[in-house]
Amino acid sequence: MLGKLAESIAEYALYQIDAGAQVIQIFDSWAGHLSPRDYDEFAAPYQKMVLDKIKEKHPEVPTVTYIKHSGALIERIAK
């Protein structure tokens with residue numbers, strides 16, 4: 001289910017770019033509430049799927065990822 005959601009979010013971002021968006025920002029309001037282990041399993045792979053799909057088609061478009069309350073995850077997010 002998370003994979004399908006990630007695919008849909010990536011597709012929507014690509015439509016936004018095709019319609020003229022000059023930057024894509026991804027918000028994850030809940031990932032900061034996960035333990036590092038749960039973040040690695042339930043959030044990071046899907047965030048990466050979205051970003052990879054965007055960069056595959058539009059490598060020139062900058063992306064920003066915002067994860068609320070993410071201080072404990074900062075090293076994981078940087079990967």
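Novice: Pulling in residues and values, what's your account of the packing of helix 1 (residues 2-18) against helix 3 (residues 44-57)?
Specialist: The N-to-C vectors of helix 1 and helix 3 enclose an angle of 30°; their axes lie 9 Å apart at closest approach. Remark: the crossing between helix 1 and helix 3 carries right-handed chirality. Residues Leu2, Gly3, Ala6, Glu7, Ile9, Ala10, Glu11, Ala13, Leu14, Ile17 and Asp18 of helix 1 form the contact with helix 3, whose own contacting residues are Tyr46, Met49, Val50, Lys53, Ile54 and Lys57. Of the residues belonging to the contact of helix 1 with helix 3, the class tally is eleven nonpolar, one polar and five charged.

Novice: Quick rundown of helix 3? Include the residues and the values.
Specialist: With 14 residues, helix 3 should reach 20 Å at 1.5 Å per residue; the first-to-last C-alpha distance of 20 Å fits that figure. Among the residues of helix 3, Gln47, Val50 and Ile54 are the ones counted as buried. One face of helix 3 carries all of its buried residues, which in axial projection span an arc of 65°. Looking at the buried side of helix 3, the elements it contacts are helix 1, strand 1 (24-28), helix 2 (36-42) and strand 2 (63-67).

Novice: So, a nonpolar patch on the surface: which residues are in play, and what are the values?
Specialist: Where nonpolar side chains cluster on the molecular surface, the patch consists of Leu2, Leu5, Ile9 and Phe42 and spans about 350 Å² of accessible area. Sorting elements by how many residues they give to the nonpolar patch places helix 1 first, with three residues. Take Phe42: it is sitting in helix 2. When its relative accessible area of 42% is taken as the criterion, Phe42 is described as partly exposed.

Novice: Could you give an account of the nonpolar core, with specific residues and numbers?
Specialist: In terms of nonpolar packing, the biggest core is built from nine residues, these being Ala6, Ala10, Ala13, Ile17, Ile24, Ile26, Val50, Ile54 and Val61. The set of elements that each furnish at least two residues to this core consists of helix 1, strand 1 and helix 3. The residues touching Val50, leaving out its near neighbours within four places in the chain, are Ala6, Ile9, Ala10 and Ile26.

Novice: How would you sum up the pattern of salt bridges? Please name residues and give values.
Specialist: Going through the model one piece at a time under the given rule, you end up with two salt bridges. Where Lys57 meets Asp18, a salt bridge forms, and the shortest distance between an N and an O atom there is 3.5 Å. Pair noted here: Lys57 is in helix 3 and Asp18 is in helix 1, with a separation of 39 residues, a long-range link. Two residues, Asp52 and Lys48, come together in a salt bridge whose shortest N-O distance is 2.7 Å. Placement of both Asp52 and Lys48 in helix 3 is noted, with a separation of four residues, approximately one turn of the helix. Its relative accessible area of 40% is what places Asp52 among the partly exposed residues.

Basis of the calculations
Residues numbered from 1 in each chain as written. Predicted model: local features only at pLDDT ≥ 70, side-chain atom pairs only at ≥ 80, totals over all residues. Heavy atoms only, no water. Axes fitted to C-alpha atoms, helices over the stretch in contact; angles between N-to-C directions. Helix = DSSP H or I, 4+ residues; strand = E, 2+ residues; numbered from the N terminus. Left-handed = near helix turned anticlockwise from the far one by under 90°. Contact = heavy atoms within 4.5 Å. Nonpolar A, V, L, I, M, F, W, Y, C, P; charged D, E, K, R; others polar. Expected span 1.5 Å × (residues − 1). Buried < 20%, exposed > 50% of the residue type's maximum accessible area, 1.4 Å probe, protein only. Arc of directions from axis to C-beta. Patch = residues over 30% accessible without salt bridge, like charges linked within 9 Å, V, L, I, M, F, W, Y side chains within 5 Å. Areas by Shrake-Rupley, 256 points an atom, 1.4 Å probe, with all protein chains shown as cover. Salt bridge = Lys/Arg side-chain N within 4 Å of Asp/Glu carboxyl O. Core = buried A, V, L, I, M, F, W, Y, C linked by side-chain atoms within 4.5 Å.

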